[in-house]
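Here are the chains, one letter per residue:
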Amino acid sequence: MKIERVDEKTVKCFLSNEELEEYDISYKDFVMRSEKAREIVEVIMAQAVEEVDYKPPHFAFDLQIMLLPDQGMILTFTERTPEDLKNGANLINYLREMRRILKEKLGMDGSAIAGLLAQAVMTAAAGQAGSQEGEELAQKEQQEMQRPRFAIFCFPSMRSLCEYARMLPRNLRVVSRLYRDGGTYYLYLERGGASYERYSRASVQALEFGELYAATGDKLAYLEEHGECLLAEKALARLRL
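Residues numbered from 1 in each chain as written. Predicted model: local features only at pLDDT ≥ 70, side-chain atom pairs only at ≥ 80, totals over all residues. Heavy atoms only, no water.

**A short note on the overall build of the protein chain**
Put simply, the test is: Numbered from the N terminus, helices here are DSSP runs of H or I no shorter than four residues, and strands are runs of E no shorter than two. The cut-offs for exposure are 20% and 50% of the maximum accessible area for each residue type, with area from a 1.4 Å probe on protein chains only; residues under the lower value are buried, those over the upper are exposed, and the others partly exposed. In this analysis, two residues are considered to be in contact whenever any of their non-hydrogen atoms come within 4.5 Å of each other. Note that accessible areas follow from Shrake-Rupley with a 1.4 Å probe, and for residues the cover is restricted to the protein chains shown.
Along its length, the protein chain carries eleven helices and nine strands. Taken over 241 residues, the protein chain has a buried fraction of 48%. A separation threshold of at least 6 residues defines the contact pool for the protein chain, and within that pool the share at least 24 residues apart is 68%. Working note: accessible area of the protein chain is about 12,600 Å², and carbon and sulfur atoms make up 47% of it.

Laid out in structure tokens, this is it:
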């Protein structure tokens, strides 16, 4: 286990394939925030404190995983503050990067990736910053606050947007609107009556066909003012036809 201090808020840890086998752990454990992964994270944090004088996050951290073929993996821990967590785009960007890794490095198909990341977002959003007593309840409360209420995705063509709409379940109770600005189509996607897991899955699947544009109110206001609203309600249902 090799620890590297990147800056005040970030530390990297390299785990060789031999160490992964010794700990009997894989990327899925870290993505799913399993108990085994939490134990390894505690070991990493303790070693980082001792070796590179790292101060563990007070609130939460981002975890990025980079797989190194035939070598092992690199875990990057970056401290997050409550202010950071208010930005829902951070979470979706994290999912987007994980989707790329799972697809390019492991060759998983879109459906399997979406299912895995939709489950991961349920626990990854909380951050799991440490093991202090009483912190778990506070993190659960913060998790509800930090979950992105909506996201806006951009698509290069109507065809790609319709392909995305057709792959979603017909009974998905999300709120959706369609805008156009220039030659780009923008889909507003809000959780609505859907469970957070199903909404997360739909958000992850959108990244297979388009790109994340924004998850903040100012970008939505700009789009409403300067873009053309093509479908004001039930956009996904209408695009599916």
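Now, onward.
**Notes on the pattern of salt bridges**
Once their charged atoms are close, side chains differing in charge can pair, the charge on each being opposite to the other. Our working definition: Salt bridges are defined as contacts in which a side-chain nitrogen from Lys or Arg sits within 4 Å of a carboxyl oxygen from Asp or Glu.
Overall, the coordinates contain six salt bridges when judged by the stated rule. Between Arg38 and Glu35 there is a salt bridge, and its shortest N-O distance comes to 3.4 Å. Taken together, the residues span about one helical turn, with Arg38 and Glu35 both in helix 3 (residues 35–52) at a distance of three residues. Between Glu233 and Arg238 there is a salt bridge, with the nearest N and O atoms lying 4.0 Å from each other.

**A word on the nonpolar core**
Here is the rule we go by: To form a nonpolar core, buried Ala, Val, Leu, Ile, Met, Phe, Trp, Tyr and Cys residues must be joined to one another through side-chain atoms within 4.5 Å.
The biggest cluster of nonpolar side chains holds 25 residues, and the ones touching the most others in it are Phe153, Leu161, Tyr164, Leu189 and Leu236. Ranked by size, the runner-up nonpolar core spans 23 residues in total, among them Ile40, Ile44, Ala48 and Met73.

**Some details on the side chain of Ser203**
As for its placement among the helices and strands, Ser203 is situated in helix 9 (residues 196–206). For Ser203, a relative accessible area of 4% corresponds to the buried category. Excluding residues that lie within four positions of it along the chain, Ser203 makes contacts with Phe153 and Leu189.

**A look at the environment of Asn17**
Counting through the fold element by element, Asn17 comes out in helix 1 (residues 17–23). Separated by 56 residues in the primary sequence, Asn17 and Met73 have C-alpha atoms spaced 7.7 Å apart. When sequence neighbours within four positions are dropped, the list of residues in contact with Asn17 reads Asp70, Gln71 and Gly72.

**Considering the sheet that holds strand 6 (residues 175–181)**
Cut-off, in case you're wondering: We call two strands paired when DSSP finds no fewer than two bridges between them. To get an axis, a line is fitted to the C-alpha atoms, and for a helix only the part in contact is used. The angle between two axes follows their N-to-C directions and goes from 0 to 180 degrees.
Pairing in this open sheet of five strands is antiparallel, and the strands run 8-5-7-6-9 from one edge to the other. The open sheet terminates on both sides in strands that have one partner only, identified here as strand 8 (211–214) and strand 9 (228–231). Strand-to-strand twist in this sheet, taken as the mean axis angle between neighbours without regard to direction, amounts to 35°. With three bridges connecting them, strand 5 (residues 150–155) and strand 8 associate as antiparallel partners. Paired with Phe153 across the strands is Leu212, a residue of strand 8. Relative to strand 5, helix 9 is tilted by about 25°, and along the sheet it contacts strand 5 and strand 7 (184–190).

**Overview of the side chain of Thr10**
Defined as follows: Two N or O atoms form a polar contact when they lie within 3.5 Å of each other; inside protein one atom must be a possible hydrogen donor and the other a possible acceptor, and for residues adjacent in sequence the pair counts only when both atoms belong to side chains.
Examined against the element boundaries, Thr10 turns out to sit in strand 2 (residues 10–16). Judged by its relative accessible area of 9%, Thr10 is buried. One polar contact links Thr10 to Thr78, side chain to side chain, over a distance of 3.4 Å. Those residues in contact with Thr10 that lie beyond four places of it in its chain are Arg5, Tyr54, Thr76, Phe77 and Thr78.

**Concerning the packing of aromatic side chains**
Cut-off, in case you're wondering: Any pair of Phe, Tyr and Trp rings, taking the six-membered ring for Trp, is counted once the centres come within 6.5 Å. Such a pair is stacked with planes under 30 degrees apart, edge-to-face with planes over 60 apart, and tilted for the rest. Comment: the charge-over-ring label is applied if NZ (Lys) or CZ (Arg) is within 6 Å of the ring centre and within 35 degrees of the ring normal.
Summed over the entire model, instances satisfying the criterion amount to four aromatic pairs. An aromatic cluster of three or more residues is present, and its members are Phe155, Tyr164 and Phe209. Against the face of Tyr188 rests Arg177, its NZ or CZ located 4.1 Å from the ring centre.

**Some thoughts on unusual backbone geometry**
The backbone phi angle of Asp53 is positive, close to 55°, even though this residue is not glycine. Phi is positive for Lys234, which is not a glycine, with a value near 50°.

**Some points on the environment of Thr216**
Counting through the fold element by element, Thr216 comes out in the loop between strand 8 and helix 10 (217–226). Given the relative accessible area of 27%, Thr216 is considered partly exposed. In sequence terms Thr216 and Ile152 are 64 residues apart; their C-alpha atoms lie 8.6 Å from each other.

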